[in-house]
Amino acid sequence: MSFKVAFIGAGSIGFTRGLLRDLLTVPEFHDIEIAFCDINQHNLDMVTELCQRDIRENGLNITIQPTTDRREALKDAKYVLCTIRVGGLEAFATDVDIPLKYGVDQCVGDTLCAGGIMYGQRGIAEMLDICKDIREHSAPDVLLLNYSNPMAMLTWACNKYGGVRTIGLCHGVQHGHHQIAEAFGLQKSEVDIICAGINHQTWYIQASHEGRDLTGDLLEAFEKHPEFSRTEKVRIDMLRRFGYYSTESNGHLSEYVPWYRKRPEEITDWIDLGNWINGETGGYLRVCTEGRNWFETDFPNWMKDEPMRFVPEKRGEEHGSYIIEGLETGRVYRGHFNTVNNGVISNLPDDAIIEAPGYVDRNGISMPHVGDLPLGPAAVCNVSISVQRLAVEAAVHGDDTLLRQAFMMDPLVGAVCNPKEIWQMVDEMLVAQAQWLPQYGEAIAAAEARLAAGNLIPTKEYEGAARLKVKTVEEMQQDRDAANKNAGESDKGKDREKVQQ
């Protein structure tokens, strides 16, 4: 069979390469068309060269179509995989550094909190342009598979305002599934789960092994685990108080709720600095910066390493290739997908983007009815959904009043800052990110005038409670395997600059 798959934001070496491997592991897909698009010609060239070598070494006759012209990449595409990061590291740094001046200490800043809200403002503006190009140039039955964060906000905007059928995809559920199995000394395949909620706040409402319910034993298992008891303190505390384990990493989860990062002297009680994802201040920005620098230096060695093998045992767990396989071949796949709720989770709003179990076959993507989430987890999700809804509407309409309200309603920002501080912080972030926020022209001009007028609330020079230094390339070269692993993690952040109009 033959159809076209377009990768938008394809310049992420590790992520794009892994997704392509997964796709081409499917025997029926050895004649498909592949288009790579990125505005960074250098990154695009590197990814294309590496992936083309993988294709050649696996004996396939597919020629990647690389282009910086998005419309050309999207032409006649049946599936679009989106992995953009609008603003790249320059914008990302302001997502982390400006809130720190006001005491808002984030580990990641790409889903909620001040950084995630602003990331959404940049991303939604661009995603709606991408959707316009998809409507005009892609196949009539096109499916957009979005990997970009903030997942819920971008997927919400694409479905409500973009006019393109969009499914959001993440790997958080799979990672937590592995952890639960390990906590009980089992293999992932031996543990059945039902996980539901919203992206990065999805809850394992049921876990079982050979018919025995493990859910009530999770807290004891995690508290006794020699690693998780040290690295997942926030998740364990949430499990202790809400009764269910949450999908997202310790660092991610700590910035979505108001309790663990609001007092600088307490932050280190809840995190572990053995890995950025456990809660390090600006940890994801650090590894993204190191990853970019490492790719630039080490790429020639990537070409000398063994090519990826397109064999079932090497296939990854990202949902994208399995969804396409199910739709095209009829093989049934069960995964966890981000879709418009429409009653799937009864006590979350119908218009929200939820993450829940779904099934795929040739008939399409089906989302079974989950019913009510437990009241506590539902309450946590509903707070975040209110922030997401405000942020989406703000981004679509360029409404800075709604944007400021989203900041006020954000759990961590609201726990740390008063309204006047929030208003000034938003002014600073709008001005700093002006080049990526075309919808906010008037608001940015007004913010610039207010900041220039003086009489500002004092801020502080604050590096955060647990910030580590960015490693030099020379330091990373001392352990290439660790640097490659670190770069692979950062690459999943889609370190892309603004996508071509």
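This is a predicted model, so every value here is computed, not measured. (Residues numbered from 1 in each chain as written. Predicted model: local features only at pLDDT ≥ 70, side-chain atom pairs only at ≥ 80, totals over all residues. Heavy atoms only, no water.)

1. So, the overall build of the protein
So, step 1. Within the protein, the regular secondary structure consists of 21 helices and 13 strands.
So, step 2. Here the protein has a C-alpha radius of gyration of 22 Å; the compact-globule value for 501 residues is 23 Å, and the two agree.
So, step 3. Along the first, second and third principal axes, the C-alpha atoms of the protein reach 65 × 55 × 50 Å.
So, step 4. Expressed as a percentage of its 501 residues, the buried residues of the protein come to 59%. (Helix = DSSP H or I, 4+ residues; strand = E, 2+ residues; numbered from the N terminus. Rg over C-alpha atoms; globule rule 2.2 N^0.38 Å. Buried < 20%, exposed > 50% of the residue type's maximum accessible area, 1.4 Å probe, protein only.)

2. Focus on the UniProt feature "binding site: Mn(2+)" (unreviewed entry) in the protein
So, step 1. Per the UniProt record, the feature "binding site: Mn(2+)" (unreviewed entry) sits at Cys170 and His200. Separation in sequence by 31 residues is not matched in space for these annotated residues, since their most distant C-alpha atoms are only 8.6 Å apart.
So, step 2. Locating Cys170 in the fold gives a position in the loop between β6 (166-168) and α7 (172-183).
So, step 3. Ignoring any residue separated from it by four or fewer positions in sequence, one finds Cys170 in contact with Asn199, His200, His319, Asn338 and Glu355.
So, step 4. With respect to the helices and strands, the residue His200 is situated in the loop between β7 (192-198) and β8 (201-209).
So, step 5. The buried category is assigned to His200, whose relative accessible area is 4%.
So, step 6. Those residues in contact with His200 that lie beyond four places of it in its chain are Asp110, Thr111, Asn149, Cys170, Ser246, Thr247, Glu248, His252, Tyr256 and Glu355.
So, step 7. A polar contact is formed between the side chain of His200 and the side chain of Glu248, at a distance of 3.5 Å. (UniProt positions renumbered as here; feature names shortened; annotations may be inferred. Contact = heavy atoms within 4.5 Å. Polar contact = N/O pair within 3.5 Å; in protein donor to acceptor, adjacent residues only side chain to side chain.)

3. Details of the confidence of the model for the protein
So, step 1. Per-residue confidence for the protein averages 94 on the pLDDT scale, and 97% of its residues sit at or above 70.
So, step 2. Here residues 492-501 is a poorly scored stretch, pLDDT under 50, and it has 56 contacts once near neighbours within four places are set aside; other chains count. (pLDDT = per-residue confidence, 0-100.)

4. Considerations on the packing of aromatic side chains
Two descriptors summarise a pair of aromatic rings, namely the distance from one centre to the other and the angle between the planes of the rings.
So, step 1. Following the criterion strictly, the structure yields 16 aromatic pairs and no others.
So, step 2. Ring geometry for Trp203 against Phe242: centres 6.1 Å apart, planes inclined by 45 degrees, an arrangement best described as tilted. Of this pair, Trp203 sits in strand β8 while Phe242 sits in helix α10 (residues 233-242); the two residues are 39 residues apart in sequence, bridging distant segments of the chain.
So, step 3. Of the residues examined, Trp203 reaches a relative accessible area of 1% and is grouped as buried.
So, step 4. In this structure Phe242 comes out as partly exposed when scored by relative accessible area, which is 24%.
So, step 5. Judged by centre distance (4.8 Å) and plane angle (20 degrees), the rings of Trp276 and Tyr284 are stacked. No difference in accessibility class separates Trp276 from Tyr284, as the two residues are buried.
So, step 6. We note Arg85 situated over the ring of Phe92; from NZ or CZ to the ring centre the distance is 4.2 Å. (Phe/Tyr/Trp six-rings, centres within 6.5 Å; stacked < 30°, edge-to-face > 60°. Lys NZ or Arg CZ within 6 Å of the ring centre and 35° of its normal.)

5. Notes on the nonpolar core
Among soluble globular proteins, nonpolar side chains are generally buried collectively.
So, step 1. Within the largest apolar cluster, 78 residues are counted, with the highest numbers of intra-cluster contacts made by Leu144, Leu348, Leu373, Leu403, Phe407, Val413 and Met425.
So, step 2. Look past the residues within four positions of Leu403 in its chain and what remains in contact with it is Ile117, Met118, Gln121, Ala394, Val426, Leu430 and Tyr440.
So, step 3. In terms of nonpolar packing, the next biggest core, distinct from the first, is built from 47 residues, Phe3, Phe15, Leu327 and Ala483 among them. (Core = buried A, V, L, I, M, F, W, Y, C linked by side-chain atoms within 4.5 Å.)

6. Topic: the UniProt feature "domain: Glycosyl hydrolase family 4 C-terminal" (unreviewed entry) in the protein
So, step 1. Mapped onto this structure's residue numbering, the UniProt feature "domain: Glycosyl hydrolase family 4 C-terminal" (unreviewed entry) falls at residues 195-413.
So, step 2. The distance from the first to the last C-alpha atom of residues 195-413 is 28 Å, and the span holds 47% helix and 17% strand.

7. Digging into helix α4 (residues 88-101)
So, step 1. Burial of α4 is extensive: 10 of the 14 residues sit out of reach of the surface.
So, step 2. Buried within α4 are the following residues: Gly88, Leu89, Ala91, Phe92, Thr94, Asp95, Val96, Ile98, Pro99 and Leu100.
So, step 3. Here the buried face of α4 lies against α5 (113-137), α13 (283-304) and α18 (419-432).
So, step 4. Two residues or fewer after α4 comes Gly103, characterised by a positive phi angle close to 90 degrees.

8. Remarks on the packing of helix α15 (residues 375-397) against helix α16 (residues 400-409)
So, step 1. For the pair α15 and α16, interaxial distance at closest approach is 8 Å and the crossing angle is 165 degrees. Overall, the two elements α15 and α16 adopt an arrangement that is roughly antiparallel. Remark: the crossing between α15 and α16 carries left-handed chirality. Contacts between α15 and α16 involve Val383, Val387, Leu390, Ala391, Glu393 and Ala394 from the former and Leu402, Leu403, Gln405, Ala406 and Met409 from the latter.
So, step 2. Considered class by class, the residues forming the contact of α15 with α16 number 9 nonpolar, 1 polar and 1 charged. (Axes fitted to C-alpha atoms, helices over the stretch in contact; angles between N-to-C directions. Parallel < 35°, antiparallel > 145°, perpendicular 65-115°, else oblique. Left-handed = near helix turned anticlockwise from the far one by under 90°. Nonpolar A, V, L, I, M, F, W, Y, C, P; charged D, E, K, R; others polar.)

9. Re unusual backbone geometry
So, step 1. Cis rather than trans, the peptide bond between Asn149 and Pro150 has omega equal to -5 degrees.
So, step 2. By the secondary structure assignment, Pro150 is in the loop between β5 (143-146) and α6 (151-162).
So, step 3. For His200, which is not glycine, the phi torsion reads 70 degrees and is therefore positive.
So, step 4. A positive phi angle, near 50 degrees, is found at Asn342, a position not held by glycine.
So, step 5. Here Asn342 falls in the exposed class, since its relative accessible area comes to 61%.

10. Overview of the environment of Asn199
So, step 1. Checked against the element boundaries, Asn199 lands in the loop between β7 and β8.
So, step 2. On the basis of relative accessibility, which here comes to 3%, the residue Asn199 falls in the buried class.
So, step 3. Taking the C-alpha atoms as reference points, Asn199 and Met425, separated by 226 residues in sequence, lie 26 Å from one another.
So, step 4. When residues no more than four places from it in sequence are discounted, the contact partners of Asn199 are Asn149, Met151, Cys170, Asn338 and Glu355.

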